[in-house]
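# Summary of structural features
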Amino acid sequence: MNVVASAATMELEDFVLRLTGPLTLETTAPLWRQAALLGATDGHDARIDVEGVPRCDTAGAALLIHLRRLLGGVAIEGASEQVRFMLDVMDRPCPEPPTAPPADRRPGMVETLGTFATQVLRNAADTVEYIGGLIAGFGEIALHPRRLRWPDTIVYMARTGADALGIVVMINGLMGLILAFQMGAQMRQYGADTYVADVVGMSIIQELGPLMTAILVCGRSGSAFAAEIGTMKVNEEVAALDTMGLERTRFLVMPKMVALLLMMPLLVVFADLAGVFGGMVIGTTYLDQPIGVYLGNTIARIGLWDVGQGLIKGEAYAIVIAAVGCLRGLQTGKGAQGVGVSATSAVVSGIFLIIVVDAILTVIFHAL
Amino acid sequence: MPSETPPPPEAPAPPATVDAIVRVRGLRAAYGDVTILEDVSFDVKRGEVFVILGGSGCGKSTLLKHLIGLIEPAAGTIELDGTDLTASTPAERRELLRRFGVLFQSGALFSGMTLEQNVALPLQEFTPLPREAISRLAQLKLSLVDLDGYEAYRPDEISGGMQKRAGVARALALDPPIVFFDEPSAGLDPISAAELDQLILDLRDSLGTTMVIVTHELASIYAVADRCIVLDKARQTIVAEGHPATLRDESDDPYVRSFFNREPALAGRGGR
Ligand SMILES: Nc1ncnc2c1ncn2[C@@H]1O[C@H](COP(=O)(O)OP(=O)(O)OP(=O)(O)O)[C@@H](O)[C@H]1O
Ligand SMILES: [Mg+2]
């Protein structure tokens, strides 16, 4: 078929707005632009002439109705039967909504501040309640381990631990590599390159191993927790839990929390090993140290308590990641957008809190 | 876990000490500044099928969510079985709610679980039944809504109407003395809808279950409703209460008449 899209035209002459050609979705776009230039008719006896319009669709009818309102409710003349019918169908009164949508109102500054303050307080209250629920959840599991939903927990262990192992090992190996290279280049100048093993080992095991692992897990699992719970919230699954009298903490939070607590130490141990290995690669090649010497230096420097500090940090980060991820999920607003916002903020506030906790624990461990 | 079969968790409702199992007084429902319903008062009697009617968007689901304690009323009181929902602590409320069956308009099945696990969950949590009995019972409830053979499916692997029916099965898991159904027959073919109506009547007659149902299906309203209320979006409140056939034949209210006679609302009342 060879359909030539016939055009529609509009011209204004002696207060008669004359339209010709079919008014359809395809033809009306330029006319809308033209219509924007029309002004009020200042009491002149204007009219709209559609003699030359053979047919119109909903877009055409909308244009005609728009033009009529623009010119102050003037008559539309010469409409064909089809155009008249279309106009009848489309021209329905627009009742004022019984209640104006809230967005139309601009609140004053005092009100904005007040709303903000209540919001902050309410959020704080919710968070306190949530933390209380978490503590109760831990207590319950400590007393009755069977109350934990173990099948769910095992699934989360696989997802947060086993699935993350590869990336954790790779990143921490690279961290060790970079660290050893940077240190080596500097310390070599002072002939102190035998200490590279000590420095790299300590940094990785006390600080960087757990930290990098936590940041990775936060990005992978914290966001996943938030997105999962957020989607459940949007789908009213969380509401269904509530109405079934099932606690959100026990169902949604504790399996994830326990899974992370169980997997984090393993991930940290692997991270430590990978980091030391990365350092060793540089130590034995770039710094020309024999493997035995490098490893000997590392092992001589690092005590059990150093590893313990890293593991304790890892567990603290695990609590932060699970708690923040689940909280953000439960706070999800409406729709798919809300889920995205929750997942993002789970990562951002998760990493922020991880660093804060890191600082606090580092200070405490030094004071001990 | 005990192996002898213990009694079911909730025997049919005890003799009526309170005649109205749901009592709503002066309820105002609002989202933020926007009022949806105002001055809503009604009673649901024990053992009746109570239907909430009204145009799309008039606040039926909103009202239902108030009744099950998901939304706090902006004003007014809701009493369930003699307990004031608004004045109760969260723990009391949970205790109260777990005796109710709820079907959400969206179905709200747990997406991570199979249909059987969905139905079995409340049984696992609130009854001492052995695993095997729970599984049998869950299958039985699913077959009540004609979903035999779909036990191992997940919610996203079945159709919308099937999700609705699975939601009904989950709501009925604990033989609750009162159920709240939001459009149970939406998305169902006429035969399934009729079967669901029959199920509703059977439950009422055999277990004395009280049913609060939101629906648009006129046929099903006449078939099951003992009493109904009609909400109107324009007036934001209850505009009629009574038996549907009586309202259809005798109501003076033009909106109510249009509603039951399935004709466009008369012009001139706040729009079309
Ligand atoms: N979460 C919400 N936030 C703000 N407004 C809402 C929200 N949910 C519903 N509303 C508004 O409340 C009104 C009533 O909604 P509701 O879902 O109760 O309608 P309904 O009677 O169940 O309609 P339907 O028959 O289509 O399901 C609607 O106008 C809607 O805009
Ligand atoms: Mg609804």
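Throughout, a residue's number is its position along its own chain's written sequence, starting from 1. Starting at A for chains and at 1 for ligands, labels are handed out in the order in which the entities are written. The model is predicted, so local features are restricted to residues of pLDDT at least 70 and side-chain atom pairs to those at 80 or more, both for listing and for counting; the totals for chains, interfaces and linings are taken over all residues. As a rule here, side-chain values cover all heavy atoms of the structure and leave hydrogens and water aside.

### Brief notes about the overall build of chain B
Looking only at helices and strands, one finds 9 helices and 10 strands in chain B. Computed over C-alpha atoms, the radius of gyration of chain B comes to 19 Å, within 12% of the 19 Å expected from 2.2 N^0.38 for 272 residues, which places it in the range of a compact globule. For chain B, the spread of C-alpha atoms along the principal axes amounts to about 65 × 40 × 35 Å. By residue count, 52% of the 272 residues in chain B fall in the buried class. By sequence separation, contacts in chain B at least 24 residues apart represent 63% of the contacts at least 6 residues apart. For chain B, the accessible surface area stands at approximately 11,900 Å², while carbon and sulfur atoms represent 50% of it. Charged-residue counts in this description rest on Lys and Arg as positive and Asp and Glu as negative, His and the chain ends being excluded. Where a charge lies is defined by one atom per residue type: Lys uses NZ, Arg uses CZ, Asp uses CG and Glu uses CD. Here chain B contributes 27 positively and 39 negatively charged side chains, and the mean placements of these two sets differ by 4 Å. Counting from the N terminus, the helices are the DSSP runs of H or I reaching at least four residues and the strands are the DSSP runs of E reaching at least two. The globule rule is 2.2 Å times the number of residues to the power 0.38, and the radius of gyration it is compared with is taken over C-alpha atoms. Each residue gets one of three labels from its accessible area relative to the maximum for its type: buried under 20%, exposed over 50%, partly exposed in between, using a 1.4 Å probe on protein chains only. Whether two residues touch is decided by their heavy atoms; if any such pair falls within 4.5 Å, the residues are in contact. Areas reported as accessible are Shrake-Rupley estimates using a 1.4 Å probe. Residue values count occlusion only from the protein chains shown.

### Section: the coordination of the magnesium ion (ligand 2)
All names here are of chain B. Within the protein, Ser61 (OG) and Gln105 (OE1) serve as the donor atoms for the magnesium ion (ligand 2), at 1.9 to 2.1 Å. Here serine 61 is found in helix H1 (residues 60–67), whereas its partner glutamine 105 is found in the loop between strand E6 (100–103) and helix H3 (115–126), with 44 residues between them in sequence. The class of glutamine 105 is partly exposed, set by a relative accessible area of 36%. Sites may look incomplete because water is not among the atoms; the donors themselves are N, O and S atoms within 2.8 Å of the metal, or within 3.2 Å for Na, K and Ca.

### Describing the sheet that holds strand E2 (residues 16–20) of chain A
All names here are of chain A. Note on pairing: DSSP must find at least two bridges between two strands before they are called paired. An order of E1-E2-E3-E4 is seen for the 4 strands of this open sheet, with the pairing classed as mixed. Two strands in the sheet have a free side with no partner beyond their single neighbour: strand E1 (9–13) and strand E4 (75–77). Averaged over all pairs of adjacent strands, the angle between strand axes in this sheet comes to 20°, irrespective of strand direction. One ladder, built from 4 bridges, connects E2 with strand E3 (residues 47–52); its direction is parallel. Directly across from leucine 17, in E3, lies its bridge partner isoleucine 48. In this description, a line fitted to the C-alpha atoms serves as the axis of each element, helices being fitted only across the stretch in contact, and the angle between N-to-C directions of two axes falls anywhere from 0 to 180 degrees.

### Quick look at the site of ligand 1
Residue and element names in this part refer to chain B. Around ligand 1, the structure places 15 residues, and the nearest of them are Ser56, Gly57, Lys60, Ser61 and Thr62. Between ligand 1 and glutamine 105 there is a distance of 2.8 Å, counted from an oxygen atom to a side-chain nitrogen or oxygen. In the analysis that follows, any N or O atom pair within 3.5 Å is treated as a polar contact, provided that within protein one partner can donate a hydrogen and the other can accept it, and provided that, for residues neighboring in sequence, both atoms belong to side chains. Note that an oxygen atom of ligand 1 is positioned 3.0 Å from one of the side-chain N or O atoms of histidine 216. Here, proximity means that at least one heavy atom of the residue falls within 4 Å of the molecule or strand.

### Quick notes on the pairing of strand E10 (residues 237–242) of chain B
Residues and elements named next belong to chain B. Counting buried residues along E10, 5 of its 6 residues qualify, which places the element largely inside the surrounding structure. Inspection of the sheet shows strand E9 (residues 227–232) paired to E10 by 5 bridges, in the antiparallel sense. In the sheet register, isoleucine 229 faces E10, and the bridge partner there is glutamate 241. The antiparallel pairing of E9 with E10 creates a hairpin that spans 4 residues between the two strands, and glutamine 236 there sits at a positive phi of about 60°.

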